[in-house]
Every structure is written in C-alpha cells, then in structure tokens.
Amino acid sequence: GHAMARAERAVLEALRAGPLASPPVPEGVHKERLLEELANKEKVIRAVAAGYELTPLGTRMLEAWK
C-alpha cells in the first residue's frame, strides 16, 4: 500500500507494452528518484535510446504479480 510501491508497479505495467520516453508516475512520488531506484538499485528497468524499458527481472516481477 506504500505510495512508492504502487508507483513502481504502475511504471512496470506501463512499460509492459514496450519502451517509453517518460513512464507515467503517480502524483506525490518523486519521478527521478523512483526511476533511479528502479533502474540502478532494483534493476527492473533500464535506460535505452527510446527512454526506459523492462529488464528480464522486471518482466518476471510483473508475471509474479498476476
């Protein structure tokens, strides 16, 4: 129920269809901090030329949430 956890899931869900230049982040969450943590600490997304995309770990996390 934590705001950052909900925001993380929202970003991963948004990237399910493919890379996005700017994944949507819910209000009240610091976008740069969230993307930094997802990419560099959790390694569930990565920066690419088109913006951000899921890593294999991010894809597995989405499957586990189903």
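Here, the structure is the one placed above.
Keep in mind it's a predicted model, so treat the numbers as computed, not measured.

A. Representation of the side chain of E37. Note on placement: E37 falls in helix α2 (residues 31-41). Among the residues examined, E37 registers a relative accessible area of 18% and is labelled buried. Other than its neighbours up to four places away in sequence, E37 contacts M4, E42 and K43.

B. A look at helix α1 (residues 3-15). Here α1 contains 13 residues, and its C-alpha end-to-end distance of 18 Å stays within 8% of the 18 Å for a straight helix at 1.5 Å per residue. Turning to α1, its buried residues are M4, A7, E8, V11, L12 and L15. For α1, the arc enclosing every buried residue in end-on projection is 135 degrees, short of the 170-degree limit, so these residues lie on one face. On the buried face of α1, the contacting elements are α2, β1 (45-48), β2 (51-54) and α3 (56-65).

C. How the structure looks around the environment of P19. As for its position among the elements, P19 is in the loop between α1 and α2. Spatially, the C-alpha atom of P19 lies 11 Å from that of T55, the residues being 36 residues apart in sequence. Among all residues touching P19, those that are not within four sequence positions of it are V48, A50, Y52 and E53.

D. Molecular detail of the side chain of E8. Assignment of secondary structure puts E8 in helix α1. As a buried residue without a salt bridge, E8 has its nearest oppositely charged side chain in R9, at a separation of 9.2 Å. Those residues in contact with E8 that sit more than four places away from it in its chain are L34, L38, E42, M61 and W65.

E. The environment of A49, seen in detail. Mapped onto the fold, A49 is located in the loop between β1 and β2. Each C-alpha atom, one on A49 and one on A21, is 8.5 Å from the other, the two residues being 28 residues apart in sequence.

F. Fine view of the packing of α1 against α2. Running from N to C, α1 and α2 point in directions that differ by 70 degrees, and their axes come no closer than 11 Å. Judged by the angle between their axes, α1 and α2 are roughly perpendicular. The two elements α1 and α2 meet at a crossing, and its hand is right-handed. Note on element contacts: α2 touches α1 through R33, L34, L35, E37 and L38, opposite M4, A7, E8 and V11. Of the residues contributing to the contact of α1 with α2, the split by class is six nonpolar, no polar and three charged.

Thresholds, definitions, all that
- Residues numbered from 1 in each chain as written.
- Predicted model: local features only at pLDDT ≥ 70, side-chain atom pairs only at ≥ 80, totals over all residues.
- Heavy atoms only, no water.
- Helix = DSSP H or I, 4+ residues; strand = E, 2+ residues; numbered from the N terminus.
- Buried < 20%, exposed > 50% of the residue type's maximum accessible area, 1.4 Å probe, protein only.
- Contact = heavy atoms within 4.5 Å.
- Expected span 1.5 Å × (residues − 1).
- Arc of directions from axis to C-beta.
- Lys, Arg positive; Asp, Glu negative; His and termini not counted.
- Salt bridge = Lys/Arg side-chain N within 4 Å of Asp/Glu carboxyl O.
- Axes fitted to C-alpha atoms, helices over the stretch in contact; angles between N-to-C directions.
- Parallel < 35°, antiparallel > 145°, perpendicular 65-115°, else oblique.
- Left-handed = near helix turned anticlockwise from the far one by under 90°.
- Nonpolar A, V, L, I, M, F, W, Y, C, P; charged D, E, K, R; others polar.

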